[in-house]
Amino acid sequence: MRLRAAKPGWSAKADVVVIGSGVAGLTTALQIRAHNLSVLLVTKARVDSGSTKWAQGGIAAALGPGDTPDQHEKDTLVAGAGLCDVNAVKVLVSEGPEAVRKLIARGAVFDLSETGEIALTREGGHLRNRILHAGGDATGAEVSRALLAAVKNDNGIEVLENALVIDALKNENGDVCGVTLHVIGAGTRDGVGQALARAVVIATGGLGQVFSQTTNPSVSTGDGVALALRAGADVADVEFIQFHPTVLWIGDSSRGQQPLISEAVRGEGAILKNLKGEAFMKYVHPLADLAPRDIVAKEISRQMLSSGSKHVWLDATKIPDFPERFPTIYQSCLNHGINPTIELIPVAPASHYASGGVRVDLFGRSAIPGLYVCGESACTGAHGANRLASNSLLEGLVFGARIAENIAASIPEFSAPKQSNSVEILLDPVIRTALQQAMSRGAGVVRSKESLDETLMTLQKLALFTTNEANIDSWETTNLYYLATAIVRSALERSESRGSHWRADFPNVSQAWEKRIHQRIDSNGTWSSEIAELGVTDVFSTTK
Ligand code: SIN
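First, a word on scope: everything that follows refers to the structure included in this document. What you see is a predicted model, and the numbers here were worked out from it, not measured in a lab. Within any chain, residue numbers begin from 1 and follow the written order of that chain's sequence. Selection of residues for local features in this predicted model requires a pLDDT of at least 70, selection of side-chain atom pairs for listing and counting requires 80 or more, and totals for whole chains, interfaces and linings are taken over all residues. Note that the side-chain values use all heavy atoms of the structure and ignore hydrogens as well as water.

**Section: the packing of aromatic side chains**
Here is step 1: Aromatic rings from Phe, Tyr and Trp, with only the six-membered ring used for Trp, were paired whenever their centres fell within 6.5 Å, and each pair was classed as stacked if the ring planes differed by under 30 degrees, edge-to-face if by over 60, and tilted otherwise. All told, the structure shown has five aromatic pairs when counted by the stated rule.
Here is step 2: Ring geometry for Phe-211 versus Phe-243: centroids 5.5 Å apart, planes at 75 degrees, classification edge-to-face. On the criterion of sequence distance, the pair formed by Phe-211 in the loop between strand E12 (199–202) and strand E13 (213–214) and Phe-243 in strand E15 (residues 241–248) is long-range, its members being 32 residues apart. Phe-243 matches Phe-211 in its accessibility class, with the two residues each being buried.
Here is step 3: With centroids separated by 5.3 Å and ring planes inclined at 55 degrees, the aromatic side chains of Phe-322 and Phe-326 adopt a geometry described as tilted.
Here is step 4: A connected cluster of aromatic rings, assembled from ring pairs, spans Phe-322, Phe-326 and Tyr-330.
Here is step 5: Only lysine NZ and arginine CZ atoms are considered, and such an atom sits over a ring when it is within 6 Å of the ring centre and within 35 degrees of the ring normal. Positioned above the aromatic ring of Phe-414, the side-chain terminus of Arg-198 is 5.8 Å from the ring centre. Strands here are runs of E lasting at least two residues and helices are runs of H or I lasting at least four, both read from the DSSP assignment and numbered beginning at the N terminus. Using a 1.4 Å probe on the protein chains alone, a residue whose accessible area is under 20% of its type maximum counts as buried, one over 50% counts as exposed, and one in between counts as partly exposed.

Here it is, written out as structure tokens:
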């Protein structure tokens, strides 16, 4: 399968093409340069437009006194609700501290405590203070700034902005040897072109725009994951969409990216209250307001369902230095007419993070040779059914470095793309809003067979709206359609509730479902799924 697009009118070449300029893409690119390979870094809008910049809370790493990678591993496994790949978690937590030190060496500046040590805070699911933060609640912006500065200083990395990746190019063996992409540019690189490479790394981030309300920016349409699906790779764990519990509620009709109220606010003592003003999390979990994210999001949804309200309250009035500790959140609340130092903040869950993605091994390799995937686009298995707060920037740092090492050790020569005669698809962007609404209605925090069946039927009807007008809107919409279909199919199949997947008709966790659902599409566009045992090596059991 491939997206309908014009034939490439221009060509570029680099040893490695990295798609995406968040923490995962930038880290991978910089580490690849340590091996003297050339990099073409492709990004859909401006280099700093992705999700990384929006990350508030921080980076989790066992750096504090009394903390250990073992303890971080335990917390990650508990949050992951039985579906983590233990080996992937071990890699994440044991290589995490060194990856953070490297980030600091690259120029990232984190907030310090009064004694001059790195200040560590807590978020949901962590039994220790282990979250590094920068600028109070602007951690992602600082990480992005530092990595971009390093990238700009490196002549071996060419950055191509306003470039939407379309599809993978394969050689006669079926290995990935480049991508097609569309650039809104000037001069020779304008319109559809091809970038040839000895290895391709997808780091396009999340897919939050599949839903009506999300914390993700508008660029988060999951383009890389959809590309990998069409190229024949498996996706896994895609039913586990994490809904962030505390997103500023700014009205029912609000669409697209919504303002996040970081878990770190609860880490500093803020309390969730229902509309009667009662604190409710203490009755639900021993960690109360700092329970793992899925548990908090579910309880908020229960409170909203039982009271018929559209939000609950977050009481942060007891945090004495709120404006200094959370300057971004403070300003964003003020912009919406709420002063969090004296007023309660209305919050509701919204789609935040895809715990699943393209199934990869511990070196970021997908089942298609030549195609690597890193960060939120990937499913390493480190997150299981629910990612632990602030493990995502860490994953980009750790696995970006591992991918670079693997590429350097095994990179093939350039090869020519084979003429593709695969089936073309392109959907009319007119369906985008209906798709997002159907997903929020039927495949949101609470799902059931009935709601998912209805959503799948809506998606099938929307897929009849095809178009010949290839442009950014139609490519993105088609990508959203693939991802929505994958999410709904997996959510239907998983007849239990676990982590961030909550089925009203199967409210309990089932041991029989300690398994991973893989999905793929064949060259005719037919979907199939496979129930896989846990374990990272299974990525290669489903070869192209
Ligand atoms: C937050 O600051 O609450 C978000 C952190 C994360 O998603 O890990």
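**Digging into the pairing of strand E11 (residues 191–196)**
Here is step 1: The element E11 is extensively covered by neighbouring structure, given that six of its six residues are classed as buried.
Here is step 2: Sheet topology note: the strand E2 (residues 11–13)/E11 ladder contains three bridges and is parallel. Paired with Ser-11 across the two strands is Gln-194, which belongs to E11.
Here is step 3: Of the strand pairs in this sheet, strand E10 (residues 176–183) and E11 are connected by six bridges, and their pairing is antiparallel. Bridged to Val-179 within E11 is Ala-195. A pair of strands counts as paired when DSSP detects no fewer than two bridges linking them.

**Digging into helix H10 (residues 392–410)**
Here is step 1: To estimate how far a helix should reach, multiply one less than its number of residues by 1.5 Å. With 19 residues, H10 should reach 27 Å at 1.5 Å per residue; the first-to-last C-alpha distance of 27 Å fits that figure.
Here is step 2: The buried fraction of H10 amounts to 14 of the 19 residues, a majority that puts the element mostly inside the structure.

**Quick word on the nonpolar core**
Here is step 1: For our purposes a nonpolar core is just a set of buried Ala, Val, Leu, Ile, Met, Phe, Trp, Tyr and Cys residues, chained together by side-chain atoms within 4.5 Å. Val-17, Val-210 and Met-439 are the most contacted members of the largest nonpolar core, which totals 63 residues.
Here is step 2: When residues of this core are assigned to their parent elements, the largest contribution, nine residues, is made by helix H13 (residues 472–493).
Here is step 3: In this structure, Ala-99, Phe-110, Ala-203 and Leu-362 belong to the second largest nonpolar core, which totals 48 residues.

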